[in-house]
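Overview (structure and organization)
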Amino acid sequence: MSQQVTCDTHETSAADFSLIRVEATRDRYVVTLTRPQQRNAISGDMIDELHSACAVIEHDPKPVIVVGDGDHFAGGADIAELRARNRDDALAGINRRLFDRVARLPLPTVAAVSGYALGGGAELAYACDIRIASSTAVFGNPEPGLGILAAAGASYRLPDLVGMSVAKQVLLGGRNLDADAALRFGLVMDVVDDPLNAAHGVVDRITRQAPLAVRLSKTVIDAPGDHAWATDVAQAVLFETDDKRTRMTNFLERKK
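Rules and cut-offs
- Residues numbered from 1 in each chain as written.
- Predicted model: local features only at pLDDT ≥ 70, side-chain atom pairs only at ≥ 80, totals over all residues.
- Heavy atoms only, no water.
- Axes fitted to C-alpha atoms, helices over the stretch in contact; angles between N-to-C directions.
- Helix = DSSP H or I, 4+ residues; strand = E, 2+ residues; numbered from the N terminus.
- Parallel < 35°, antiparallel > 145°, perpendicular 65-115°, else oblique.
- Left-handed = near helix turned anticlockwise from the far one by under 90°.
- Contact = heavy atoms within 4.5 Å.
- Nonpolar A, V, L, I, M, F, W, Y, C, P; charged D, E, K, R; others polar.
- Expected span 1.5 Å × (residues − 1).
- Buried < 20%, exposed > 50% of the residue type's maximum accessible area, 1.4 Å probe, protein only.
- Arc of directions from axis to C-beta.
- Pairing = 2+ DSSP bridges.

The chain is annotated in an unreviewed UniProt entry as Enoyl-CoA hydratase PaaA from Gordonia aichiensis NBRC 108223.

A short note on the packing of helix H5 (residues 120–127) against helix H6 (residues 154–162)
Taken N-terminus to C-terminus, the directions of H5 and H6 make an angle of 55 degrees; their axes are 10 Å apart at the nearest point. In terms of axis orientation, H5 runs oblique to H6. As H5 runs across H6, the sense of the crossing is left-handed. In this structure, H5 uses Glu123, Tyr126 and Ala127 to contact H6, whose residues at the interface are Ala154, Arg157, Leu158 and Leu161. The residue makeup of the contact of H5 with H6, split by class, is 5 nonpolar, no polar and 2 charged.

Examining helix H11 (residues 228–239)
The first and last C-alpha atoms of H11 sit 16 Å apart over 12 residues, in line with the 16 Å expected at 1.5 Å per residue. Here H11 has its buried residues at Ala230, Ala234 and Leu238. Projection of H11 onto a plane perpendicular to its axis shows the buried side chains occupying an angular sector of 75 degrees, all on one side. Turned more than 90 degrees away from the buried face of H11 sit Trp229 and Asp232, all of them exposed.

Examining the environment of Asn176
Looking at where Asn176 falls in the secondary structure, it is placed in the loop between helix H7 (164–171) and strand E10 (177–178). Residue Asn176 is classed as partly exposed on the basis of its relative accessible area of 43%. In this view, Asn176 contacts Leu118, Val138, Phe139, Gly140 and Asn141; residues no more than four positions away in its chain are not counted.

Considerations on the pairing of strand E5 (residues 64–68)
Counting buried residues along E5, 5 of its 5 residues qualify, which places the element largely inside the surrounding structure. Where burial is concerned, the two faces of E5 agree: the one with Val64, Val66 and Gly68 and the one with Ile65 and Val67 are both buried. Where strand E4 (residues 29–33) lies against E5, 5 bridges are found, and the strand directions are parallel. Residue Val31 lies in a different strand from E5, and its bridge partner there is Val66. The sheet contact formed by E5 and strand E6 (residues 109–113) spans 4 bridges and is parallel.

Points about helix H10 (residues 211–222)
Over its 12 residues, H10 runs 17 Å from end to end, which matches the ideal 16 Å to within 8%, given 1.5 Å per residue. Those residues of H10 lying buried are Val214, Lys218 and Val220. Taken end-on, H10 shows its buried residues confined to a sector of 165 degrees, consistent with a single buried face. Check the buried side of H10 and you find it contacts helix H4 (94–103), helix H9 (195–208) and H11.

Description of the packing of H6 against H7
Two numbers describe a pair of packed helices, the interaxial angle and the distance between the axes. Closest axis-to-axis distance for the H6/H7 pair is 7 Å, and the angle between their directions is 135 degrees. Our classification of the angle between H6 and H7 gives oblique. Crossing handedness for the pair H6 and H7: right-handed. Note on element contacts: H7 touches H6 through Met164, Val166, Ala167, Val170 and Leu171, opposite Ala154, Ser155, Leu158, Pro159 and Val162. Across the contact of H6 with H7, the residue classes tally to 9 nonpolar, 1 polar and no charged.

Here is the structure:
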């Protein structure tokens, strides 16, 4: 079924989607993968639609929730398509370029994960800033068992998220992380009965903060290497905003 991006009752994009659903409200987007019969496997066409969704989000930045329709977040990439891909496809970084784009979205992204987040599905979850899981969640990267490697971000994101030792257990040793292990290793923020509802709660907290402060915080956190100077520059910008003065004045007034 074709879906349109809407903001309250006002259309914000003419883009039509068949494999995802993008819902926009005043202060957030919810992006839903809608291939439940295929465990939301990430196909090339879904990649294209997610690029279109990113373009909408980049044009009007708001926090984003990513969720899968049905029992699973995303059970991997489409294996039939992967089998047909060749060297040039690999060098084009088809999935990696999308997940890198998701990671670069201006405001925080929250993955609400139930069931399988495997292969490309796991890498999409890794690309989000925060992950919240249900007790059914399973993260894993079985790519070497299929004769390939996890080349869409897991090799450089997962070690940062869970440490090199655990990342190697997943990427080399074929270990899957269930919800309890994912929580223990810091991959997920929480394990709850309803991760989508919990993700909305996180976004509620994000949207109560100063938008520019959140945006610059994400930029500085994600900047590579030693970037103390960038932190100073970002703080200098924030120190001059009316939002900072208003928020601090309100805080001091409440203390009185």
